[in-house]
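Breakdown of the fold
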Amino acid sequence: MREKKVLVPLDGSPESEAIFSVIEEIAGPLDMEVVLFHAVQLPPIDALALPHTGAADELGVRERDAHEYLEELAGRLTAKGIRTDVRVRVGDPTREILAVVAEERADLIAMTTHGRSGFGRLLFGSVAEALLRSAPVPIFLMRMTKEALKLSTPAAQVRDGGSGEAGKRGPS
């Protein structure tokens, strides 16, 4: 029997990291490997066309930052006896998540949604919604807004010094 894997897409926000409370509860007892994932989005096409803009250098820095961010989070899980791996890819988050699901033969995607609606959803799109329509595996989706995060986790207060303004700490 092959081992079970859960893919955990993260965008660097405290809201996306809130999924850890669930992952820590299920991954150990179910003997699942956790694959932490971050998609580094490509810069606009114009930036790629102009080599003097440093877009390629910036992309490399963003990839490195993402890898370091995921390694730090993986350390938290590994310390609790949970097997982890990290994956960073460049491109559209939805497409890259689906590609990693196939490559890793993941059994589940576990992630949070920021709960945007209206104009925010139109402007930013919804990776979660796109995955719900196209993922070949089940998705565990947890709604987590900044307001809900403030109420549910003392970690957000520690990270922001108690100001109530938990910020993005991972890669951009």
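Before any of the text, the structure's been laid out above.
Residues numbered from 1 in each chain as written. Predicted model: local features only at pLDDT ≥ 70, side-chain atom pairs only at ≥ 80, totals over all residues. Heavy atoms only, no water.

Details of helix 7 (residues 127–134)
What counts is decided by this rule: Buried means the residue's accessible area, taken with a 1.4 Å probe over protein chains only, is under 20% of the maximum for its type, while exposed means over 50%, and partly exposed covers the values in between. Each helix is a run of H or I in the DSSP string that is no shorter than four residues. Each strand is a run of E no shorter than two, and both are numbered from the N terminus. Directions pointing from the helix axis toward each C-beta atom define the arc.
Within helix 7 the residues assigned to the buried category are A128, A130 and L131. The arc that holds the buried residues of helix 7, viewed along the axis, is 160 degrees, so those residues lie on one side. Away from its buried face by more than 90 degrees, helix 7 exposes L132 and R133.

Looking at the packing of helix 5 (residues 93–104) against helix 7
The condition that has to hold: Interaxial angles span 0 to 180 degrees and are taken between N-to-C directions of axes, which are lines fitted to C-alpha atoms, for helices over the stretch in contact. Reported orientations rely on four angle classes, namely roughly parallel under 35 degrees, roughly antiparallel over 145, roughly perpendicular from 65 to 115, and oblique for the rest. Here a crossing is taken to be left-handed if its near helix is turned anticlockwise relative to the far helix by less than a right angle, and right-handed if that turn runs clockwise. Should any heavy atoms of two residues lie within 4.5 Å, those residues are considered in contact. The classification used treats Ala, Val, Leu, Ile, Met, Phe, Trp, Tyr, Cys and Pro as nonpolar, Asp, Glu, Lys and Arg as charged, and all other residues, Gly among them, as polar.
Close contact between helix 5 and helix 7 brings their axes to 9 Å; oriented N to C, the two are set at 45 degrees. Classed by the angle they form, the pair helix 5 and helix 7 counts as oblique. Like other packed secondary-structure pairs, helix 5 and helix 7 cross with a definite hand, here right-handed. Counted together, P93, T94, I97 and L98 of helix 5 and V127, A130, L131 and S134 of helix 7 form the full contact between these two elements. A breakdown of the residues in the contact of helix 5 with helix 7 according to their chemical character gives six nonpolar, two polar and no charged.

Side note on helix 5
Spacing of three or four residues puts side chains on the same side of an α-helix, whose turn is 3.6 residues. The condition is simple: Here a helix's expected span is defined as the number of its residues, less one, multiplied by 1.5 Å.
Here helix 5 is 12 residues long and its end C-alpha atoms lie 16 Å apart, about the 16 Å a rise of 1.5 Å per residue gives. Of all the residues in helix 5, the buried ones are P93, T94, E96, I97, V100, V101 and E104. In a view along the axis of helix 5, the buried residues occupy a sector of 165 degrees, so they form one face of it. Exposed residues pointing more than 90 degrees away from the buried face of helix 5 are listed as R95 and A102. Where helix 5 is buried, its residues meet strand 1 (4–9), strand 2 (32–40), strand 3 (84–90), strand 4 (108–113) and helix 7. One or two residues past the end of helix 5 sits R105, with phi positive at roughly 55 degrees.

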